[in-house]
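Architecture at a glance
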Amino acid sequence: MWQRLGRFILTYRLPLLLLLAALTGFMVYHASKVELSYDFSKAIPVNNPKYKTYQEFRKKFGEDGNLLVIGIQTDKLFEANIFNSYAELQRKLKKLYGVDDVIGVPSAVNLVKVPETEKLKADTIFADRTLTQTEIDSASAIFLNLPFYRQLLYNPSTNAWLMGVRINKDLMASKKRMNIVSEINELADEFGKQSNLTIYKSGLPHIRTVLSGRIVKEMRMFIIASILLSALILLLFFRSLSAMLLSLSVVVLGVIWSFATIEMMGYKISILNALIPPLIVVIGIPNCIYFLNKFHTAWNETGDKRKSLVMMIDKMGIVTLFCNLAAAIGFAVFALTQSQILREFGIVAGINIIVLFFISLILIPAALSYLPSPKNRHTKYLNNPGLNRWLDRLERWSLNHRKLIYGITIAIVAVSIVGATRLKALGFIVDDIPKEDKIYTDLRFFENNFKGVMPLEIVIDTKKKYGVSRNLNNLERIDSLSQFLTKMPGIAKPLSIVEGLKFAKQAFFDGDSNSYTMPSSYDLPALSQYLNFKGDSVAEKNSFAKIVSTFMDSAKQEARISVSMADVGSSRLPLILDSITVRVNELFAKDKYDVQLTGTSVTFLEGSRYILNGLKDSIAWAFLFIALCMLYLFRSARILLCSLIPNIIPLLITAGIMGWVGVPLKPSTVLVFSVALGIAIDITIRFLVNYKQELPHNNYDMKQTVIETIHSTGISIIYTSLVLIAGFIIFCFSGFDGTKALGWLTSLTLVTATFTNLVLLPAILISFVKIKK
């Protein structure tokens, strides 16, 4: 079959090349239209209850993750030059396209009782103009007497000040957010330089936008670096410019097709599928090495180019197909998970690895048929004395020291299993960023001074219309829950309707800060007008009333407690949520109230669970499907078992090292196992297929066949492993810790897989496999 296919490709090489060029031109068009993803909520299935709750919350109360915060730390904020510059910054920010609102000290309002009407009105504390020092001193005294803003806009004990910029939720999900956040950052940095202050920026809009920009830069860097590195290695191996350019053509076409697939499937570039193009380069180069190595070997034997090309396809077609199929399975199993972002990654990667095989199968033999015949320097690597000496050592170890190999293997596996038991799952919303990174240090500033910026929302449904605004008992329960939250570590000052009522009560008692308490049954009737906004002209003008209204739905049936919290990680977050749930159940009977915890913090935790569980399941699926492929290929249960052992051991060693070193299980690190399994099994397939092909030629002499297989496949296996390892090491230069971990952990797995397949596998074949003639 493969010989006929080889003759067909060579006979119709020109039409096939023209067809490939036409299809690639079509793919270039689609690749040019690919876009960057700005949606970070794809980890949870849309039918998940927590996802539905979050979407309902967003419909009723708006977006919770669109606040960008700007922080400074100074005891001189109310000096005229700094304060006026700070106020000017806020005015400039309000004028920016895409900014819905800015919350800060200069725009803070105070509730003032009007004696004539005995009503409250909201007055701006600081006039919207350049103020004198006397005016600032007078206004700041009023501001600092308002507990409502304490721990919200400033921390009096650390002299830290916060300004919040709310970005339009529709623009947040578009590429326009890049320009909006960039302009905000420029204005903030300009103020910092003028005032000689350090500017701290955080919040999900800032974090996600900066990370999106880095994803694009790293993707370009990795593609270029992997191509250049591959070109260098190929040039060193084959000493042929044409072989190098041919191999690079294969992977460049693969990269183009991968971008086009992302666009044609309706997907966008995310932090995960941005890894696909450089992975295509890393996986595509071994295809080229396998084909070129066999072509050069056949050329040395026959001296006939056409016959050598047919032999190349005949011998390496099946091997390369199953190698790519195994690698594709390692990625495609992610499509079986319930996480949308993993499904996209698995589908695109799986499809394009198979496509890469067909590109290699057509382009390499067709192009080689047009190129001049290989010269002696091009095939000199086949007789590399240094590598042959190493292969001789591997041969002696496999034949003469099998018991020692088994003993060392068992000891290493035992230590690895103990290390694997120490593995712990831990992830953060702002994950994989180095501790010295500006994003991380700025986030810590807000956690140290304001207890964090990550949104957590609690929605309390009283199940009755006006159950919030006209029921003092419910308001007291909400206040009790707010007080409980305030005492919890890692949770900032909660905002809810009761904080607005406390502010109103303080105003009724002539601004006495001691009156900033929950209104009693005697106080509430006087304040009730501020909870009823039906066509009230005061409510239309009263910004404070608008703020209060955002913490209730239109029917006054549901109340919202909005909390910012630290990025405590997936280990502590469930404990915090459980503590809150216990207190909620004590205050709100389940038969009378419906209380939901939601927001970005909750969806992050749920998403992390889905991704981790999905990745763990994918490893099992990968083993199953790869095992079925191996069983079909070799038609032997013993060979199947022999093929899996050398690939399970490297994964165990990697898991053990992660446990001993303290690398946690999280989406970026669990990804290593399925990816490495799919790639490492290539070495096993390459060895065993050659072993099976050579066995009849050696009269089924197993030892002699193993010796010849080690020497005939060893050089290409070592070259291929070097390319793969070098390709993954590139990821170690990433600015994301997770991508770095993917790089060095996968490289480590491939190094150990190379040794187990060239040392342990031959020993197992000789010891345990009996071949029937």
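Analysis parameters
One numbering rule holds for all chains: residues counted from 1, following each sequence as written. Note on the predicted model: pLDDT of at least 70 is required for a residue's local features to be given, and 80 or more for side-chain atom pairs to be given and counted; whole-chain, interface and lining totals, by contrast, use all residues. Excluded from the side-chain calculation are hydrogens and water; included are all heavy atoms of the structure. Here a helix means four or more residues in a row that DSSP labels H or I, a strand means two or more in a row labelled E, and each is numbered from the N terminus. In this description, contact between two residues means that some pair of their heavy atoms is separated by no more than 4.5 Å. Values of accessible area rely on a 1.4 Å probe in the Shrake-Rupley scheme; residue burial ignores everything except the protein chains shown. Counted as positive: Lys and Arg. Counted as negative: Asp and Glu. His and the chain ends are not counted at all. Charged groups are reduced to one reference atom each: NZ for lysine, CZ for arginine, CG for aspartic acid, CD for glutamic acid. Here the axes come from fitting lines to C-alpha atoms, over the contacting stretch only for helices, and the angles between their N-to-C directions go from 0 to 180 degrees. Note that the term roughly parallel is reserved for angles under 35 degrees, roughly antiparallel for angles over 145, roughly perpendicular for angles of 65 to 115, and oblique for everything else. Crossing handedness is defined as follows: a turn of the near helix away from the far one that is anticlockwise and smaller than a right angle gives a left-handed crossing, while the clockwise case is right-handed. Think of it as three bins: nonpolar holds Ala, Val, Leu, Ile, Met, Phe, Trp, Tyr, Cys and Pro, charged holds Asp, Glu, Lys and Arg, and polar takes everything else, Gly as well. Basic side-chain nitrogens of Lys or Arg form a salt bridge, by our definition, when they fall within 4 Å of a carboxyl oxygen of Asp or Glu. Buried residues are those whose accessible area, probed at 1.4 Å on protein chains only, stays under 20% of the maximum for their type, while exposed residues exceed 50% and partly exposed ones sit between those limits. One requirement defines pairing of two strands: DSSP has to find at least two bridges between them.

1. Quick look at the overall build of the protein chain
Each helix and strand counted, the protein chain has 26 helices and 10 strands in total. Oriented by its inertia axes, the alpha-carbon framework of the protein chain measures out at about 110 × 50 × 40 Å. Pairs at least 24 apart in sequence give 79% of the contacts found in the protein chain among residues at least 6 apart. Summed over its atoms, the accessible surface of the protein chain is roughly 32500 Å², and 59% of this surface lies on carbon and sulfur atoms. Here the protein chain holds 83 positive side-chain charges and 59 negative ones, and the gap between their average locations is 11 Å.

2. What to know about the packing of helix 2 (residues 13–31) against helix 12 (residues 340–370)
One way to put it is that helix 2 packs onto helix 12 with a least axis distance of 10 Å and a crossing angle of 130°. As the angle between them shows, helix 2 and helix 12 are arranged oblique. The hand of the helix 2/helix 12 crossing is left-handed. Residues Arg13, Leu14, Leu16, Leu17 and Leu20 of helix 2 form the contact with helix 12, whose own contacting residues are Ile359, Ile362, Leu363, Ala366, Ser369 and Tyr370. Looking at side-chain class alone, the contact of helix 2 with helix 12 contains 9 nonpolar, 1 polar and 1 charged residues.

3. Overview of the pattern of salt bridges
Under the criterion given, the structure shown has 12 salt bridges. The partner of Glu135 in a salt bridge is Arg129, and the shortest N-O contact between them spans 2.8 Å. Judged by relative accessible area, Glu135 falls into the partly exposed class, the value being 29%. Here Asp189 and Lys201 are joined by a salt bridge, their closest N and O atoms 2.9 Å apart. Here Asp189 is found in helix 7 (residues 176–195), whereas its partner Lys201 is found in strand 7 (residues 200–202), with 12 residues between them in sequence.

4. What to know about the sheet that holds strand 9 (residues 558–565)
Taken in spatial order, the 3 strands make up an open sheet running 9-8-10, and their pairing is antiparallel. Sheet topology places strand 9 and strand 10 (594–598) at the edges, where each strand pairs with a single neighbour. Averaged over all adjacent pairs, the angle separating strand axes in this sheet is 15°, with direction ignored. Taken together, the 8 bridges between strand 8 (residues 454–461) and strand 9 define a ladder with antiparallel strand orientation. Each residue of the ladder has a partner; that of Met454, found in strand 9, is Met565. Running at roughly 10° to strand 9, helix 16 (residues 472–487) makes contact with strand 8 and strand 9 of the sheet.

5. Focus: the environment of Ser520
In this fold, Ser520 is placed in the loop between helix 17 (497–508) and helix 18 (524–527). For Ser520, a relative accessible area of 28% translates into the label partly exposed. On a C-alpha basis, the gap between Ser520 and Lys505 in space is 9.7 Å, while along the polypeptide they are 15 residues apart.

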